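Listed below are the residues making up each chain.
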Amino acid sequence: MKLQTERLNDPSIFLAIEDLEIAARGIVEGSMLGVHRSPFTGFSCEFESHREYHLGDDLRHVNWKLWARTDQMFIKQYRSDTNLQLYLALDASGSMGTGNGPSRKWNWSTRVAAALAHLAISCRDAAGLVLLRNGVFEHIPAQVANGQFPRILSALQATSSQGLADTSLGLDQTIHLCARRGMVVYFGDLFDNENNAIRSLATLRYRGHEVVVFHLLDPWEIELPNERELEFSDLETSEKIKVSTASISSAYADIVRQWQEGIRKRCEGEGIDYFLCRTDRPMIDALLDFLGTRLGR
């Protein structure tokens with residue numbers, strides 16, 4: 001797929017592509033323009049010992065704490081360049097079917113998750129998939145084997161957003177599926193119980209994983225439309241409610257902003273990388289934010 005880079009700021013560009021593999025490759029191609037190394041480089045090596053620094057060594061591997069104590073530069077040596085284990089965990093419950101912008105949250109998350117899987121596997125890193133509703137209902141262990149990317153794509157394409165969510169239960173089960181230390185990337189709206197969900201994500205962090213949260217929100221979930229009266233339907237319980245948005249829109253936006261900001265601060269306090277992802281923003285922006293954080297380290 002050859003991209004016209006001037007169109008990458010169009011939020012719907014990759015939604016028009018029905019083939020998930022082509023969309024994933026296109027998102028990666030666009031986000032990696034001008035980038036010449038993997039965002040996962042150096043993550044999964046196991047530290048073993050030190051040696052003296054030599055001119056030309058990668059400064060990212062200097063032990064700066066040791067330098068501060070001894071005034072000498074030493075390079076960290078690693079046992080082996082083992083593959084990164086990338087674990088993609090997606091909320092597939094009913095609320096992820098919300099779509100008042102160019103994309104439903106589920107469609108947005110599947111495309112970006114597929115792009116990350118493609119990026120990892122193309123770098124010879126292992127990628128796996130965990131799909132969550134009321135617990136884990138689909139699991140593909142992280143591998144680099146031939147056919148792994150098509151297996152992940154097939155699972156994503158065969159799944160639709162439906163049913164009730166118990167994010168913390170699903171993430172608690174995910175903890176036991178991530179046997180080797182790696183990177184866990186979670187896609188979800190954190191509507192059911194964000195406190196328990198963040199606690200579960202923090203447990204993954206404490207066990208040595210890098211943890212990334214892509215917090216998916218529809219534009220109407222952030223700011224109510226300027227209409228007199230609307231009927232909202234809960235996609236998980238089918239409960240309906242009529243609301244006069246003109247009277248509550250300002251207060252609603254403030255509450256959502258405080259709630260989202262609270263989640264961001266809690267994640268960052270636990271050492272979790274947090275990205276707010278509006279579905280009316282280009283998918284490529286989320287990958288660029290992610291890449292900028294990874295490559296800036």
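Note: the structure precedes this text.
All figures in this text were calculated on a predicted structure; none of them were measured in a lab. (Residues numbered from 1 in each chain as written. Predicted model: local features only at pLDDT ≥ 70, side-chain atom pairs only at ≥ 80, totals over all residues. Heavy atoms only, no water.)

Engineer: What's the story with the nonpolar core in this structure? I'm lost.
Structural biologist: Inside soluble globular proteins, nonpolar side chains tend to come together where they are buried. Counting 49 residues, the largest nonpolar core has Leu 88, Phe 187 and Phe 214 as its most contacted members. With eleven residues, helix H3 (residues 105-122) is the single largest residue contributor to this core. Other than its neighbours up to four places away in sequence, Phe 214 contacts Leu 116, Val 185, Tyr 186, Phe 187, Gly 188, Phe 275, Cys 277, Ala 286 and Phe 290. With 23 residues, the next largest nonpolar core counts Val 184, Leu 201, Leu 204 and Tyr 274 among its residues. (Core = buried A, V, L, I, M, F, W, Y, C linked by side-chain atoms within 4.5 Å. Buried < 20%, exposed > 50% of the residue type's maximum accessible area, 1.4 Å probe, protein only. Helix = DSSP H or I, 4+ residues; strand = E, 2+ residues; numbered from the N terminus. Contact = heavy atoms within 4.5 Å.)

Engineer: How should I be thinking about the sheet that holds strand E6 (residues 183-188) in this particular structure?
Structural biologist: What links the strands of a sheet is backbone hydrogen bonding, and the strands pair in either a parallel or an antiparallel sense. Read from one edge to the other, the open sheet built from six strands follows the order E5-E4-E3-E6-E7-E10, with strand pairing classed as mixed. Either end of the sheet is taken by a strand with one partner, and the two such strands are strand E5 (135-143) and strand E10 (273-278). Neighbour to neighbour, the strand axes of the sheet diverge by 15 degrees on average, direction disregarded. Sheet topology places strand E3 (residues 85-91) next to strand E4 (residues 126-133); seven bridges connect them, and they run parallel. (Pairing = 2+ DSSP bridges. Axes fitted to C-alpha atoms, helices over the stretch in contact; angles between N-to-C directions.)

Engineer: Sorry if this is basic, but what is going on with a nonpolar patch on the surface here?
Structural biologist: Residues Leu 59, Trp 64 and Trp 67 make up a contiguous nonpolar surface patch of roughly 310 Å² in combined accessible area. Following the sequence through the fold, Trp 64 ends up in helix H2 (residues 64-70). (Patch = residues over 30% accessible without salt bridge, like charges linked within 9 Å, V, L, I, M, F, W, Y side chains within 5 Å. Areas by Shrake-Rupley, 256 points an atom, 1.4 Å probe, with all protein chains shown as cover. Salt bridge = Lys/Arg side-chain N within 4 Å of Asp/Glu carboxyl O.)

Engineer: How do you make sense of the packing of aromatic side chains when you look at a structure like this?
Structural biologist: A ring pair, where both rings are aromatic, is described by two values, the distance of the centres and the angle of the planes. Counted by the stated rule, this structure contains five aromatic pairs. Judged by centre distance (6.5 Å) and plane angle (65 degrees), the ring pair of Phe 275 and Phe 290 falls under edge-to-face. With Phe 275 in strand E10 and Phe 290 in helix H9 (residues 283-295), this pair connects stretches of sequence that are 15 residues apart. Like Phe 290, Phe 275 is buried. (Phe/Tyr/Trp six-rings, centres within 6.5 Å; stacked < 30°, edge-to-face > 60°.)

Engineer: Even after reading the chapter, I still don't get unusual backbone geometry, so can you show me in this structure?
Structural biologist: What is expected of a backbone is that most residues other than glycine have negative phi and most peptide bonds are trans. Of note in this structure, Leu 190 is not a glycine but carries a positive phi near 60 degrees. Within the secondary structure layout, Leu 190 lies in the loop between E6 and helix H6 (194-206). Taking the relative accessible area as the measure of exposure, Leu 190 reaches 0% and is therefore buried.

Engineer: Honestly, the packing of helix H5 (residues 167-177) against H6 in this entry has me stumped. Any pointers?
Structural biologist: Two measures define how a pair of helices packs: the angle their axes make with one another and the distance between the axes. Closest axis-to-axis distance for the H5/H6 pair is 8 Å, and the angle between their directions is 10 degrees. Put simply, H5 runs roughly parallel to H6. Contacts between H5 and H6 involve Thr 167, Ser 168, Leu 171, Asp 172 and Ile 175 from the former and Asn 196, Ala 197, Ser 200, Leu 201, Thr 203 and Leu 204 from the latter. Class assignment of the residues belonging to the contact of H5 with H6 gives a composition of five nonpolar, five polar and one charged. (Parallel < 35°, antiparallel > 145°, perpendicular 65-115°, else oblique. Nonpolar A, V, L, I, M, F, W, Y, C, P; charged D, E, K, R; others polar.)

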